[in-house]
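Architecture and fold: a report
One-letter residues, chain by chain:
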Amino acid sequence: MTMHLSERRVIHLTPPQILMAVFGFFIVLGTFFLKLPFASTETVSWLDAFFTATSAMTVTGLVTVDTGTAYTLVGQIVILLLIQIGGLGIMSFAVLIYIMLGRKIGISERLLIQQALNQTSVGGIIQLVKSLMVFSLVMEGIAVVFLAFRWVPEYGVAKGLYYSLFHSISAFNNAGFALWPDGLNRFVSDPIINSVISMLFILGGIGFTVLIDLKKSKTFKELTLHSKLMIVGTIVINAVAFILILLFEYNNTATLGKLSVAGKIWGAYFQAVSPRTAGFNSVDIGSMEEPSIFFMIFLMFIGAGSASTGGGIKLTTFLAMVLSVITFLKGRDNIIIFRKTLPLLIIIKALAITVISFLFIFAAVMALELTQDLDFLPILFEVVSAFGTVGLSMGITAKLTFFGKIVIIFIMFLGKIGPLTLAFAFAKKENSKIRYPKEDILTG
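Residues numbered from 1 in each chain as written. Predicted model: local features only at pLDDT ≥ 70, side-chain atom pairs only at ≥ 80, totals over all residues. Heavy atoms only, no water.

So, the overall build of the chain
Basically, it comes down to this: Secondary structure elements follow DSSP: runs of H or I no shorter than four residues count as helices, runs of E no shorter than two count as strands, and numbering proceeds from the N terminus. Throughout, exposure labels follow a simple rule: accessible area from a 1.4 Å probe, protein chains only, divided by the maximum for the residue type, with under 20% read as buried, over 50% as exposed, and the rest as partly exposed. Contact criterion: two residues are considered in contact whenever any of their non-hydrogen atoms come within 4.5 Å of each other. Note that accessible areas follow from Shrake-Rupley with a 1.4 Å probe, and for residues the cover is restricted to the protein chains shown.
Helix and strand content of the chain: 18 helices and 2 strands. Looking at the chain as a whole, 51% of its 444 residues are labelled buried. Sequence-distant contacts in the chain: of pairs separated by 6 or more residues, those separated by 24 or more amount to 69%. Within the structure as shown, the chain displays about 22,400 Å² of accessible surface, and the carbon and sulfur contribution to it stands at 67%.

Points about the nonpolar core
In plain terms, the rule: By nonpolar core is meant a set of buried Ala, Val, Leu, Ile, Met, Phe, Trp, Tyr and Cys residues that side-chain atoms within 4.5 Å join together.
Residues Ile 197, Phe 280, Val 383 and Ile 408 are the most contacted members of the largest nonpolar core, which totals 116 residues. With residues up to four places along the chain from it excluded, the contact list for Ile 408 reads Phe 51, Leu 62, Leu 368, Glu 382, Val 383, Ala 386 and Leu 400.

A short note on the side chain of Thr 58
For clarity, the cut-off: The term polar contact refers here to a pair of N or O atoms within 3.5 Å; inside protein, the definition further demands a hydrogen-donor-capable atom paired with an acceptor-capable atom, and it admits residues adjacent in sequence only when both atoms are side-chain atoms.
You can see Thr 58 is positioned in the loop between α2 (46-57) and α3 (67-70). Accessibility expressed as a relative area gives 0% for Thr 58, which makes it buried. Polar contacts involving the side chain of Thr 58 include one to the main-chain carbonyl oxygen of Ser 55, which spans 3.4 Å. In contact with Thr 58, not counting residues within four places along its chain, are Thr 389, Met 412, Phe 413 and Lys 416.

Describing the packing of aromatic side chains
Put simply, the test is: In this analysis, rings of Phe, Tyr and Trp, with Trp reduced to its six-membered ring, are considered paired at centre separations within 6.5 Å, and the interplanar angle assigns stacked below 30 degrees, edge-to-face beyond 60, and tilted for intermediate values. In this scheme, the term charge over a ring applies when either NZ of a lysine or CZ of an arginine sits within 6 Å of the ring centre and within 35 degrees of the ring normal.
Applying the stated criterion to the full structure yields 19 aromatic pairs. Between Trp 151 and Phe 187, the ring centres sit 5.6 Å apart and the planes meet at 55°, which makes this aromatic pair tilted. Separated by 36 residues along the polypeptide, Trp 151 in helix α7 (residues 125-155) and Phe 187 in the loop between α8 (157-172) and α9 (191-206) bring together distant segments of the chain. Its relative accessible area of 0% is what places Trp 151 among the buried residues. Classification of Phe 187 by relative accessible area gives buried; the value is 3%. An angle of 70° between the planes, with centres 5.9 Å apart, marks the rings of Phe 220 and Phe 338 as edge-to-face. Taken as a pair, Phe 220 in the loop between α10 (208-216) and α11 (225-249) and Phe 338 in the loop between β1 (335-337) and β2 (340-342) lie far apart in primary sequence, 118 residues in all. By relative accessible area, which is 38% here, Phe 220 ends up partly exposed. A connected cluster of aromatic rings, assembled from ring pairs, spans Trp 151, Tyr 155, Tyr 162, Tyr 163, Phe 166, Trp 180 and Phe 187. When the ring centre of Tyr 250 is taken as reference, the NZ or CZ atom of Lys 264 above it lies at 3.7 Å.

What about helix α16 (residues 376-387)?
Put simply, the test is: A helix is expected to span 1.5 Å multiplied by its residue count minus one.
Compared with the 16 Å implied by 1.5 Å per residue over 12 residues, the 17 Å span of α16 between its first and last C-alpha is a close match. Of all 12 residues making up α16, 11 are buried, and the element is well covered by its neighbours. Listing the buried residues of α16 in full gives Leu 377, Pro 378, Ile 379, Leu 380, Phe 381, Glu 382, Val 383, Val 384, Ser 385, Ala 386 and Phe 387.

A word on the environment of Leu 323
Note that Leu 323 resides in helix α14 (residues 315-329). For the pair Leu 323 and Leu 342, spaced 19 residues apart in the sequence, the C-alpha separation amounts to 9.3 Å. Leave out the neighbours within four places in its chain, and Leu 323 touches Leu 229, Ile 335, Ile 337 and Leu 342.

Observations concerning unusual backbone geometry
Phi is positive for Val 59, close to 45°, though the residue is something other than glycine. Relative to the elements of secondary structure, Val 59 occurs in the loop between α2 and α3. A positive phi is found at Arg 339, a non-glycine position, where the angle reads about 60°. Mapping Arg 339 onto the fold places it in the loop between β1 and β2. For Arg 339, a relative accessible area of 83% corresponds to the exposed category.

Some thoughts on the pattern of salt bridges
For clarity, the threshold we go by: Here a salt bridge means any side-chain nitrogen of Lys or Arg lying within 4 Å of a carboxyl oxygen belonging to Asp or Glu.
Tallying each qualifying case throughout the model produces 4 salt bridges. One salt bridge connects Asp 48 with Lys 405, and the closest N-O pair in it is separated by 2.9 Å. Highlighted residues: Asp 48 in helix α2 and Lys 405 in helix α17 (residues 402-417), separated in sequence by 357 residues. The exposure class assigned to Asp 48 is buried, which follows from its relative accessible area of 11%. With a relative accessible area of 11%, Lys 405 lands in the buried category. Its salt-bridge partner being Arg 150, residue Glu 154 comes within 2.7 Å of it at the nearest N-O pair. Residue Glu 154 and its partner Arg 150 are both found in helix α7; the two are separated by 4 residues, about one turn of the helix.

Re the environment of Phe 270
Relative to the helices and strands, Phe 270 is located in helix α12 (residues 261-273). With relative accessibility at 1%, the residue Phe 270 sits in the buried group. Distance in space between the C-alpha atoms of Phe 270 and Asn 238 is 9.9 Å, their sequence separation being 32 residues. Residues in contact with Phe 270, not counting those within four places in the same chain, are Leu 184, Asn 194, Ile 197, Ser 198, Phe 201, Phe 280, Asn 281 and Ser 282.

Considering the packing of α16 against α17
Worth spelling out the cut-off: Note on definitions: angles span 0 to 180 degrees between N-to-C directions of axes, and those axes are lines fitted to C-alpha atoms, for helices only across the stretch in contact. For this classification, Asp, Glu, Lys and Arg are treated as charged, while Ala, Val, Leu, Ile, Met, Phe, Trp, Tyr, Cys and Pro are nonpolar and the rest, including Gly, are polar.
In the contact formed by α16 and α17, the axes pass within 7 Å of each other and the chain directions differ by 40°. From α16, Glu 382, Val 383, Ala 386 and Phe 387 reach across to α17, where they touch Ile 408, Ile 411, Met 412, Leu 414 and Gly 415. Taken together, the residues that form the contact of α16 with α17 break down as 7 nonpolar, 1 polar and 1 charged.

Written out as structure tokens, the structure reads:
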């Protein structure tokens, strides 16, 4: 058999592989822009620039250098653009460009958008993207106005508007980037800052499909099962988190102890709703009580909603696992919620996401435990924060070694694209028509 040198091997990439490649491309591009001489006020290493670009693109918020002082206005705008692109989705911007150019969006592009937005079908994808873009820009614009009322009198028109714009985009996209070294600690008792910022990241974290469903439905009964679970689950878990954080930190003089009753309520509320999505902090995380830290790790692992700007295993994944346990304990065969039955495939997917996520977190924590001279709890907190693309830290990010930063970079990337996307990118699908006899094993 003869071989021709002119023959070329065509590489066909799957949607998960394309998604990973595009994310990687923008991270590298962002790294180069952040290394430009006029993008920083001090010498920022290639690794720190790469870390920052990854954190911004994955809307995490972990930083090895202070955003407000280490980067110039140009560098901060680069970070802001990466946050907006990473939060709303690369494919969403691609659709917008296609529409502006008058080009037709084919089935392959729709499949890629479906993968990027974590949707179950390609039906209505383009309309979802259009609604997503409009809603995002409107909400960010409204938030800028409200924040400007607070910050323009304090910082002046130009700086006040810029700070309002930066934190509106960072909050809605659940990025957690702030222009102050201590985050939002100085505004712990401020009702305007607390309410506007938290409203943004809760809306961004609940998922765009839920927001669109709320717009279309007149009553709660008309909502999809996904929307019902997200709304009820978000309210319940935020209420429980608020009560626990308030109880744990009420007398802690390093966090809420010295504040007024109103300040304690605002501080507990903000720090209760932030860990699942945003990564903003209004108190010093490293000074919080260990029960609070441990509970926040749990919240960060759960994460936000599907098709949202947040990370984690997703709230509906967690709820599917909880419902399956309740169903088992009740001795039922079917998982029924809101008069709907959850398919077995959903439970298997939820189990796969949870197990794969746990294994990656376990491996990352083990790697950092072996290589970093740091305590276990801050390491665990850092890894789960990176995986949930949260961005909260107990103050160890800048202390990580070269290897430690690489580990966190990978976990941030994994948390953004999702563990199943990574698995599907390298796994080969097997379709077998052979069926084998069933046999039980002993469990428990």
